[in-house]
Amino acid sequence: MGLKSDYMRILLSAYACEPNQGTEKGFGWNWAINLARVGHEVWVLTRPEGRREIEELAAVSGTPYTLSILKRNGVWGIIAQILRQVKLDWQYLYLVWQLRALGTAQKLDREIDFDIVHHVSWGSIIAGSWLWLLDKPFVLGPVGGGQIAPVALKQYFGHRWRHEAIRSLCSSSLARFNLVARQSVSQADLVLATNRDTLDLAQELGAKRVKLYLDSGLPPEFFADQLPTKKPGEHLRLLWVGSSEIRKGLRLTLESIAAVDVAISWALTIVGVHAQDVVLRQLIAELNLGDKVNCLGRVSWERVKAEYASHDVFYFTSLRDSFGSQLLEAMAWGLPLITLDHHGARDFVPQDAGIKVPIADAAGTVAALARAIEYLYHNPRERQ
């Protein structure tokens with residue numbers, strides 16, 4: 001297979017693994033394919049979703065790998081179906097999958113004798129992994145999950161704050177009682193943490209070795225050959241990229257932009273949320289933003305690149321995020337950032353790449369974000 005003499009046999013646990021996807025699915029796929037490309041022999045434990053796309057793309061690229069699909073059949077399949085019928089959260093389905101993955105991994109290890117076991121998805125320190133039980137060198141991560149949404153901004157979660165507060169409790173005070181998380185972290189030979197909050201939690205859970213590790217990356221073809229030169233225009237063109245998940249902070253974005261000095265002319269483009277989204281339409285009407293907001297919905301990566309190239313400032317107000325790969329994409333196209341100064345953005349966004357706004361109370365945070373927009377409007381050379 002053209003492997004290097006120092007290749008390793010790696011068992012990769014990737015619950016979510018699909019090519020040409022973002023977030024967890026993309027992380028799982030990219031770890032698998034890139035470990036194989038640099039010469040390692042890779043076995044991937046994953047779900048049935050994405051199998052056709054994985055096999056087609058791997059065949060075209062000629063990259064060797066072995067895919068172990070954990071099908072939904074037998075007793076475990078029945079349990080998973082019952083959990084879906086009673087509408088329990090993904091965490092319960094994930095637990096079922098993890099137990100099945102352990103059994104499959106043990107059988108594979110007797111045949112292959114792996115050199116390293118590496119868990120990448122889900123990338124949650126709280127959810128953990130059972131694969132340390134193979135008693136092989138075990139890498140956990142990159143994982144997040146230690147970051148907690150700021151209580152000062154709880155109003156932006158609306159009715160979801162109760163759920164978020166429970167999650168925060170499980171990620172802080174109760175984490176030490178989470179046997180899966182404690183064992184996964186303490187038994188790992190290396191834990192890769194996606195932000196300092198998670199690194200601190202890993203140390204509390206007994207990590208032997210933990211490193212801060214950015215879990216986002218971009219292929220060379222995403223980068224501009226030459227960064228676009230932008231002349232100051234009539235409007236300050238703001239760009240926001242994300243999903244309609246409430247933790248992404250779209251309401252905070254719109255409230256803070258609405259608080260900008262009325263003498264400043266601005267326009268906001270939203271990528272990832274459709275104009276027909278009911279909540280978004282209500283927010284725009286409520287804040288009287290009118291035709292200043294343009295919603296593109298979900299678009300291709302090529303279109304996203306075009307938006308990065310044509311805007312002046314990237315705006316990121318996620319209330320809870322390991323990092324946010326959009327930040328990396330924006331920096332790749334030379335866009336200055338306005339972001340909250342917490343979680344992965346605090347740890348990995350360079351000080352000279354934009355403005356990191358400290359979190360105060362809700363009103364203070366809204367005002368500080370608005371002042372950041374005003375500053376970049378009045379200082380076009382700083383934007384460059």
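This one's a predicted model, so the numbers in the text were calculated from it and none came from an experiment. (Residues numbered from 1 in each chain as written. Predicted model: local features only at pLDDT ≥ 70, side-chain atom pairs only at ≥ 80, totals over all residues. Heavy atoms only, no water.)

Novice: Tell me what's going on with the overall build of the protein chain, and back it up with residues and numbers.
Specialist: Across its full length, the protein chain carries 14 helices and 13 strands. Compactness check: the protein chain gives a C-alpha radius of gyration of 22 Å against a globular reference of 21 Å for 384 residues, within 12% of the reference. Expressed as lengths along the three principal axes of its C-alpha atoms, the size of the protein chain is roughly 70 × 45 × 40 Å. Expressed as a percentage of its 384 residues, the buried residues of the protein chain come to 50%. Of the contacts formed within the protein chain by residues at least 6 apart in sequence, a portion of 65% connects residues at least 24 apart. (Helix = DSSP H or I, 4+ residues; strand = E, 2+ residues; numbered from the N terminus. Rg over C-alpha atoms; globule rule 2.2 N^0.38 Å. Buried < 20%, exposed > 50% of the residue type's maximum accessible area, 1.4 Å probe, protein only. Contact = heavy atoms within 4.5 Å.)

Novice: Requested: an account of the environment of H342, with residues and values cited.
Specialist: Summarising the element assignment, H342 is placed in the loop between β12 (337-340) and α12 (343-348). Take H342: its relative accessible area is 11%, and that puts it in the buried class. C-alpha separation for the pair H342 and R320, spaced 22 residues apart in sequence, amounts to 8.5 Å. Leave out the neighbours within four places in its chain, and H342 touches P150, S318, L319 and I359.

Novice: Lay out the pattern of salt bridges with the relevant residues and their values.
Specialist: Enumeration according to the criterion identifies 18 salt bridges in this entry. Across the salt bridge formed by R237 and D312, the nearest N and O atoms sit 2.7 Å from each other. A residue pair is termed long-range when its members are at least 10 positions apart, and R237 in strand β8 (residues 236-241) and D312 in the loop between α10 (301-310) and β11 (313-316) qualify at 75 residues. Given the relative accessible area of 30%, R237 is considered partly exposed. Residue R251 pairs with E286 through a salt bridge whose shortest N-O separation is 2.5 Å. Remark: E286 occurs in helix α9 (residues 278-286) and R251 occurs in helix α8 (residues 250-258); sequence separation between them is 35 residues. (Salt bridge = Lys/Arg side-chain N within 4 Å of Asp/Glu carboxyl O.)

Novice: Go over the nonpolar core, please, and point to the residues and values.
Specialist: With 37 residues, the main nonpolar core has L254, W266, L268, I270, V293 and I338 as its most contacted residues. Counting residues per element, the ones that place at least two in this core are β8, α8, β9 (266-271), α9, β10 (293-297), β11, β12 and α13 (362-378). At seven residues, α13 tops the list of elements feeding residues into this core. The contact partners of L254, leaving out residues within four places of it in the chain, are L268, I270, L280, L283, I284, L287, L289 and V293. Core analysis: the next-biggest nonpolar cluster, separate from the first, contains 33 residues, W97, V117, A188 and A193 among them. (Core = buried A, V, L, I, M, F, W, Y, C linked by side-chain atoms within 4.5 Å.)

Novice: Tell me what's going on with the packing of α8 against α9, and back it up with residues and numbers.
Specialist: Their axes nearest at 10 Å, the elements α8 and α9 cross at an angle of 15°. Looking at the two axes, α8 sits roughly parallel to α9. The chirality of how α8 crosses α9 is right-handed. Contacts from L250, R251 and L254 in α8 reach L280, L283, I284 and E286 in α9. Residue classes in the contact of α8 with α9 are distributed as five nonpolar, no polar and two charged. (Axes fitted to C-alpha atoms, helices over the stretch in contact; angles between N-to-C directions. Parallel < 35°, antiparallel > 145°, perpendicular 65-115°, else oblique. Left-handed = near helix turned anticlockwise from the far one by under 90°. Nonpolar A, V, L, I, M, F, W, Y, C, P; charged D, E, K, R; others polar.)

Novice: Lay out the sheet that holds β10 in plain terms, naming residues and giving numbers.
Specialist: Pairing between the strands of a sheet is mediated by backbone hydrogen bonds and can be parallel or antiparallel. With parallel pairing, the six strands of this open sheet are ordered in space as β10-β9-β8-β11-β12-β13. Two strands in the sheet have a free side with no partner beyond their single neighbour: β10 and β13 (354-357). Across the sheet, the mean angle separating the axes of adjacent strands is 20° when strand polarity is ignored. Each of β8, β9, β10, β11 and β12 is contacted by α8, which is oriented at about 170° to β9, the strand it contacts most. (Pairing = 2+ DSSP bridges.)

Novice: Any details on the packing of α10 against helix α11 (residues 325-332)? Residues and values, ideally.
Specialist: The geometry of α10 relative to α11 is characterised by a closest axis approach of 9 Å and an angle of 60° between their N-to-C directions. For the element pair α10 / α11, the angle class is oblique. Of the two elements, α10 crosses α11, and the hand of that crossing is right-handed. On the side of α10, the interface is formed by W301, V304 and Y308, while α11 contributes Q326, E329 and A330. Here the contact of α10 with α11 is built from residues that sort into four nonpolar, one polar and one charged.

Novice: If you had to explain the side chain of D321 to someone new, which residues and values would you point to?
Specialist: Looking at the secondary structure, you find D321 in the loop between β11 and α11. Reaching out from D321, the side chain makes a polar contact with the side chain of K248 at a distance of 2.9 Å. Within polar-contact distance, the side chain of D321 engages the side chain of S318 at 2.6 Å. D321 has contacts with Q147, N195, R247, K248, F316, H343 and G344, leaving out every residue within four places of it along the chain. (Polar contact = N/O pair within 3.5 Å; in protein donor to acceptor, adjacent residues only side chain to side chain.)

Novice: So what's going on with the packing of aromatic side chains? Which residues, and what values?
Specialist: For the structure shown, the criterion picks out twelve aromatic pairs. These aromatic residues form a ring-pair network of at least three members: F222, W301, Y308, F314 and F316. Here R47 stacks its cationic end above the ring of Y15, 4.2 Å away from the centre of that ring. (Phe/Tyr/Trp six-rings, centres within 6.5 Å; stacked < 30°, edge-to-face > 60°. Lys NZ or Arg CZ within 6 Å of the ring centre and 35° of its normal.)

Novice: Now, about the confidence of the model for the protein chain: what can you tell me, with residues and values included?
Specialist: Across the protein chain, pLDDT averages 87, with 91% of residues at or above 70. Confidence drops under a pLDDT of 50 for residues 1-5, and excluding neighbours within four residues, the segment shows seven contacts in the predicted structure. Low confidence marks residues 78-89, where pLDDT is under 50. Its contacts with residues over four positions away, or in another chain, come to nine contacts. (pLDDT = per-residue confidence, 0-100.)

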